[in-house]
Each structure stands twice: as C-alpha cells, then as structure tokens.
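An overview of the molecular structure
Spelled out, the chains give:
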Amino acid sequence: MPIHTIYYVEDSEDEVYLAKRILKRTQPSLTLHHFERFDSFQTMLGEGLKLDVQGSIMVLDLNLKICSGIDCLKTLREEEQCAGMLIGICTGSEDPADRRDALESGADYFIAKPLIPTGLEKICSCIDELEWVPDSEDGLYLRRI
C-alpha cells in the first residue's frame, strides 16, 4: 500500500512552508497535515481521528516549544491506533547523540533540517521501498521490497 499522507508536527512556519513547497514539486500525490503542537494531534486522536497507519507517516520536530519530539514519539508508540505507523524525527541539531537517542527511542528514520528536497526524497524513497506484509500471528509488518 503506498503512502499518501504525512502528518508533520513542527512549530516553525518556515519549515512547514518549505516542506509543502518541496512536496508539491516532488511528491504531488502526498497530502501534508501540519500540526504546530503535538497536543493538537493528540486531541484529534482523542476525538476519534481514524489514522490509516498503512498509508501515513509521521514527522516530528525534535525541539518543539512545549515538548521533545522524542517524548512525542514515545507517546505515539503507546497509542494503539498508531501501531505500525512510520514515525521519524527531524532536527537542525548536528549532535550525533540526538540521532542515537531518536533511533533508540523507536524512530524509523532521522533527517536533518532545514528540510531540503533530498531529505524529503529520502523519506519518500524509503517509503517506496517498503511494503506491508501480512503475518498470521501479528497482523501486518513492514519489510523492505
């Protein structure tokens, strides 16, 4: 199943504008849903937002004003309806510990900001190389094609 939606939690209007422009040019079939704050996304989940986790991906800014992207990642990993969702961290930080912490916390990918076409293309190309495979015991899992 192809990815068709990106949920992006980012508090910088400039980064969101850049992401929208890049996606419009490079991945016009993807829809970007932006949330300035993670709790806005959580509210939508609480109100019954039905996520198509097989058709969506989450991008979390590492350094949000109110909370850490890693804390948001951990929260999402506990949400039943987000099980199996591809979730990654993006940041302007060049500290290797941030990458390590994100990946150890369960991030599926880590990209640097500012988001540039090649960064988003890496996410999109990674998505194009993945497929959902049925598993009789655990439902579905992702594997590289």
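These figures come from a predicted structure and were not determined experimentally.

Basis of the calculations
- Residues numbered from 1 in each chain as written.
- Predicted model: local features only at pLDDT ≥ 70, side-chain atom pairs only at ≥ 80, totals over all residues.
- Heavy atoms only, no water.
- Helix = DSSP H or I, 4+ residues; strand = E, 2+ residues; numbered from the N terminus.
- Buried < 20%, exposed > 50% of the residue type's maximum accessible area, 1.4 Å probe, protein only.
- Contact = heavy atoms within 4.5 Å.
- Areas by Shrake-Rupley, 256 points an atom, 1.4 Å probe, with all protein chains shown as cover.
- Pairing = 2+ DSSP bridges.
- Axes fitted to C-alpha atoms, helices over the stretch in contact; angles between N-to-C directions.
- pLDDT = per-residue confidence, 0-100.
- Salt bridge = Lys/Arg side-chain N within 4 Å of Asp/Glu carboxyl O.
- Parallel < 35°, antiparallel > 145°, perpendicular 65-115°, else oblique.
- Nonpolar A, V, L, I, M, F, W, Y, C, P; charged D, E, K, R; others polar.
- Right-handed = clockwise from strand over helix to strand, strands pointing away.

**Notes on the overall build of the protein chain**
- The helix and strand inventory of the protein chain stands at five helices and seven strands.
- Start at the N end of the protein chain and walk to the C end: the helices and strands fall as β-α-β-α-β-α-β-α-β-α-β-β.
- Expressed as a percentage of its 145 residues, the buried residues of the protein chain come to 42%.
- In the protein chain, of all internal contacts separated by at least 6 residues, the share reaching a separation of at least 24 is 64%.
- Summing over all exposed atoms, the protein chain offers an accessible surface of approximately 8,200 Å²; the carbon and sulfur share of this is 49%.

**Examining the sheet that holds strand β4 (residues 86-91)**
- Spatially, five strands are ordered β2-β1-β3-β4-β5 in an open sheet, and the strand pairing comes out parallel. Looking at which strands have only one partner, the edges of the open sheet turn out to be β2 (31-35) and β5 (109-112). Going from strand to strand, the sheet's axes swing by 25 degrees on average, the running direction of each strand aside.
- Looking at chain direction, strand β1 (residues 5-9) and β2 are connected through five bridges and run parallel. Across the sheet, tyrosine 7 pairs through a bridge with histidine 33, a residue of β2.
- Against the sheet, helix α2 (residues 38-46) contacts β1, β2 and β3 (56-61), and its axis sits at roughly 110 degrees relative to β2.

**Considerations on the confidence of the model for the protein chain**
- For the protein chain, the mean per-residue pLDDT works out to 80, and 77% of the residues sit at or above 70.
- Confidence, expressed as mean pLDDT per element, reaches its minimum in the protein chain at strand β7 (residues 139-144) with 51 and its maximum at helix α3 (residues 69-78) with 93.

**Describing the pattern of salt bridges**
- Taken as a whole and assessed by the stated rule, the structure comprises four salt bridges.
- When the shortest N-O distance is used, the salt bridge between aspartate 39 and arginine 37 registers 2.4 Å.
- Among the residues examined, aspartate 39 registers a relative accessible area of 31% and is labelled partly exposed.
- With a relative accessible area of 40%, arginine 37 lands in the partly exposed category.
- The shortest N-O distance in the salt bridge between aspartate 101 and arginine 100 comes to 3.1 Å.
- With a relative accessible area of 29%, aspartate 101 lands in the partly exposed category.

**Brief notes about the packing of α2 against α3**
- Two numbers describe how α2 lies on α3: the axes approach to 11 Å, and their chain directions differ by 10 degrees. If you check the angle between α2 and α3, you find them roughly parallel. Contacts from Phe38, Phe41, Gln42 and Leu45 of α2 reach α3 at Cys72, Thr75 and Leu76.
- Residue composition of the contact of α2 with α3, by class: five nonpolar, two polar and no charged.

**A few points about the pairing of β5**
- Looking at chain direction, β4 and β5 are connected through four bridges and run parallel. Directly across from threonine 91, in β5, lies its bridge partner alanine 112.
- Crossover β4 to β5 through helix α4 (residues 96-104) is right-handed.

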